[in-house]
Amino acid sequence: MSKCAEVVIIGGGVIGCAAAYYLAKEGVSVIVLEKTDNIGNGASSRNGGGVRQSGRDPRELPLAMYGIRNLWPTLSEELGVNVEYHKEGNLRLGKTEHHMEILQGLTDRATACGLDVRMIDGKEVREINPYLSDEVIGASWCPTDGHANPLKTTLGFYKRARELGAKFYSGETVLEIKKIKGKARQVITDHDIYEGEHIILACGYESRAIAATVGIDIPMRKELIEALVTEAEPKMFAQMLGTADADFYGHQTEHGSFVFGGASGMEDVNKDNGMQATSSLTAPCICRGIMKYIPKLADAKIVRTWGGYEDICTDGVPVISKIDEVPGLIIACAFTGHGFGIAPTVGLLLSQLAMEKETVLDLSALRYDRFKAVI
Amino acid sequence: MSEVNDRSRDIGPFVPAEDDDMIICRCEEITKGEIRKAVHEGMYTLNEVRRFLRTGMGLCQGQTCGKLVKSIIARELKVSPAEIEPATSRAPMRPIEMKIFAKEAKEVE
């Protein structure tokens, strides 16, 4: 038996669910296939919730800026789910002169793309956020950045797409994409065969093995990153925080808990038992980092930690592209740990690609065939 | 190989009940009605209900309400509670202050 829709989406994460929503909204029939038992089980539910433009590569910055102008402000109303979007700025903190040089470089590149981001000194940092320690000597400040709740955003897209008629199947492992008469047509799973006019492949690192079944390779690797969450605290500050060193990032949620991500420096060699398990070294390391920047949080209780895989592209920005050699196939993967903030934009762009419409943004810098050897 | 879960199958309509106001997750104050409604909105697993409503995300980490939430989801889906996978358990076992957690290694001050 084969199940048919105009578009078959492989991957039930925030990208797949967003694409399903924007397609279903236009009346296009959609099937979404998710390998695990849960919708949004990968990086979609395991990220820091940043909705940020500053610090982004100029190739993907327009996607972030478009989403913050046009999609994020009304997303809760559109989906009927409070996605807890707050546009209250992003501080990227520096503690040394070297940090300030890194921040200056990021700021110069972003302002060249028309983004309102500027360098501020320690005094101004503490006027914006009085909880930051004196070790912070400056920051880059982007007032239009913010954060949202990734769990509710992902499940909100899922819920609304499902209400609009999109079909979702979890527990379906995709084994292969099969061409018929030179065009991507069938998606073979361990249980069934699905057919679509267009196939969107958006399942993180796992996209690589599936793309290989039609002879396409996306040069990426996966890396486990970790995060922790505190008990609910009285409201302290609303900005998203990051650091020049990238040693931690996070924000206080609407619920009151703080979500912080960070690294132990041993991510490259993390024991990969396939379970997205946390290491005993990382969370304490994140705690030490946080306490240096925000001493007042030393008494906050940690209630939970988690790990998740990033799909890291060799050149640091995602692939969002039609595939010339495989007509009908669209790939969106290798988001490199900053896919959540641009997910609504990517979902919209994917829906436009699948409907053969002109996309609202130029995607030529994110093509699948941009990778070249050094010599 | 996991079971295929068709999220569009007919589980019947959401019918309000008298005890919908009963609090099930005490830490996050989530009611039975909210959980039942979430199932009808497509949240078919404990992890999904947890991520959508915050059940089991408070101080006790679901050690109190986990089984109750599971049985409510099972009843709405008309399946046995044994078919519903438990939510993922996560370190630390008990809430722990950041300044204590930070001292996991002896050499760290």
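The paragraphs below set out a description of the structure included in this document. From a predicted model like this one, the values you see are computed outputs, not experimental measurements. (Residues numbered from 1 in each chain as written. Chains lettered and ligands numbered in written order. Predicted model: local features only at pLDDT ≥ 70, side-chain atom pairs only at ≥ 80, totals over all residues. Heavy atoms only, no water.)

### Focus: the overall build of chain A
Cut-off, in case you're wondering: Put simply, DSSP marks the helices as runs of H or I at least four residues long and the strands as runs of E at least two long, and each gets a number from the N terminus on. Using C-alpha atoms as the atom set, the radius of gyration is obtained and then compared with a globule rule of 2.2 Å times the number of residues to the power 0.38. Throughout, exposure labels follow a simple rule: accessible area from a 1.4 Å probe, protein chains only, divided by the maximum for the residue type, with under 20% read as buried, over 50% as exposed, and the rest as partly exposed. A 1.4 Å probe and the Shrake-Rupley method give the accessible areas. Residues count as covered only by the protein chains that appear here. For the purpose of charge, His is not counted, nor are the chain termini; Lys and Arg are scored as positive and Asp and Glu as negative. Lys charges are placed at NZ, Arg charges at CZ, Asp charges at CG and Glu charges at CD.
Tallying secondary structure elements over chain A gives 9 helices and 18 strands in all. Relative to the 2.2 N^0.38 estimate, which gives 21 Å for 375 residues, the radius of gyration of chain A is 20 Å and therefore close to what a compact globule would have. Across its three principal axes, chain A shows a C-alpha extent of roughly 65 × 45 × 40 Å. Residue burial in chain A is summarised as follows: out of 375 residues, 59% are buried. Carbon and sulfur atoms make up 51% of the accessible area of chain A, which amounts to about 14100 Å² in all. With 40 positive and 49 negative side-chain charges, chain A shows a spacing of 3 Å between the two charge centroids.

### What about the pairing of strand 12 (residues 220–230) of chain A?
The side chains of a regular strand alternate between the sheet's two faces. All names here are of chain A. In plain terms, the rule: Pairing between two strands is assigned when DSSP locates at least 2 bridges connecting them.
The buried fraction of strand 12 amounts to 9 of the 11 residues, a majority that puts the element mostly inside the structure. Where strand 12 and strand 16 (residues 301–313) come together, 11 bridges link them in antiparallel fashion. Each residue of the ladder has a partner; that of Thr-230, found in strand 16, is Ile-302. Looking at chain direction, strand 12 and strand 15 (residues 258–262) are connected through 4 bridges and run antiparallel. In the strand pairing of strand 15, Val-229 is matched with Val-259.

### Some details on unusual backbone geometry
Residue Pro92(B) is reached from Ala91(B) by a cis peptide bond, and omega for that bond is -5°. We note that Glu84(A) has phi near 55°; this positive angle belongs to a residue other than glycine. Position of Glu84(A) among the secondary structure elements: in the loop between helix 3 (75–79) and strand 4 (90–94). At Ala334(A), a residue that is not glycine, the phi angle is positive and equals roughly 60°.

### Points about the packing of aromatic side chains
Any aromatic ring pair is given by two values, namely how distant the centres are and how the planes are angled relative to each other. All names here are of chain A. Stated precisely, the cut-off is as follows: Here a pair means two rings of Phe, Tyr or Trp (six-membered ring of Trp) with centres within 6.5 Å. Their orientation is stacked below 30 degrees between planes, edge-to-face above 60, and tilted elsewhere.
Under the counting rule described, the total for this entry stands at 12 aromatic pairs over all chains. Measuring from centroid to centroid gives 5.5 Å for Tyr-169 and Tyr-194, while their planes differ by 55°, and the two rings are tilted. In this pair, Tyr-169 is assigned in strand 8 (residues 167–170) and Tyr-194 in strand 11 (residues 193–201), connecting sequence segments 25 residues apart. Each of the two residues, Tyr-169 as well as Tyr-194, counts as buried. Ring centres of Phe-237 and Phe-258 lie 5.5 Å apart, and the angle between their planes is 50°; on these two criteria the pair is classed as tilted.

### Quick notes on the nonpolar core
Residues and elements named next belong to chain A. Here is the rule we go by: Residues grouped as a nonpolar core are buried Ala, Val, Leu, Ile, Met, Phe, Trp, Tyr and Cys residues, joined through side-chain atoms within 4.5 Å. Working rule for contacts: check all heavy atoms of both residues, and any pair within 4.5 Å makes them a contact.
Counting 73 residues, the largest nonpolar core has Ile-200 and Leu-350 as the members making the most contacts within it. Among the elements that line this core, the one with the most residues is helix 1 (residues 14–25), at 10 residues. Look past the residues within four positions of Leu-350 in its chain and what remains in contact with it is Ile-15, Ala-19, Ile-200, Ile-320, Ile-330 and Ala-332. Listed in part, the 29 residues of the second largest apolar core include Ile-199, Met-220, Leu-329 and Tyr-368.

### Some details on the interface of chain B and chain A
Test applied: Once two parts are put together, the accessible area they lose, assessed with a 1.4 Å probe and summed over both, is termed the buried area. In the sections that follow, a salt bridge refers to a side-chain nitrogen of Lys or Arg positioned within 4 Å of a carboxyl oxygen of Asp or Glu. Counted as a polar contact is a pair of N or O atoms within 3.5 Å, where, for protein atoms, one must be capable of donating a hydrogen and the other of accepting one, and residues adjacent in sequence contribute only when both atoms are in side chains. Following the grouping adopted for this structure description, the nonpolar residues are Ala, Val, Leu, Ile, Met, Phe, Trp, Tyr, Cys and Pro, the charged ones are Asp, Glu, Lys and Arg, and the polar ones are all others, Gly among them.
With 37 residues of chain B in contact, the opposing surface of chain A contributes 46 residues. The largest per-residue losses of area from chain B upon contact with chain A belong to Arg7(B), Arg51(B) and Met98(B), which jointly make up 21% of the total buried on that side. Two residues, Lys99(B) and Asp299(A), come together in a salt bridge whose shortest N-O distance is 2.5 Å. Inspection of the chain B/chain A interface yields 24 residue pairs in polar contact (both at pLDDT 80 or more). Elements with a minimum of two residues in the side of chain B that touches chain A: strand 1 (5–6), helix 2 (46–53), strand 4 (96–97) and helix 4 (98–101) of chain B. When residues in the side of chain B that touches chain A are grouped by element, the largest group, 4 residues, is from helix 2 of chain B. Residues of the side of chain B that touches chain A, tallied by class, amount to 15 nonpolar, 8 polar and 14 charged. Two elements, strand 8 of chain A and strand 1 of chain B, share 2 bridges in a ladder whose sense is antiparallel. Pairing of Ser170(A) across the sheet is with Asn5(B), part of strand 1 of chain B.

Structural measurements only, silent on function.
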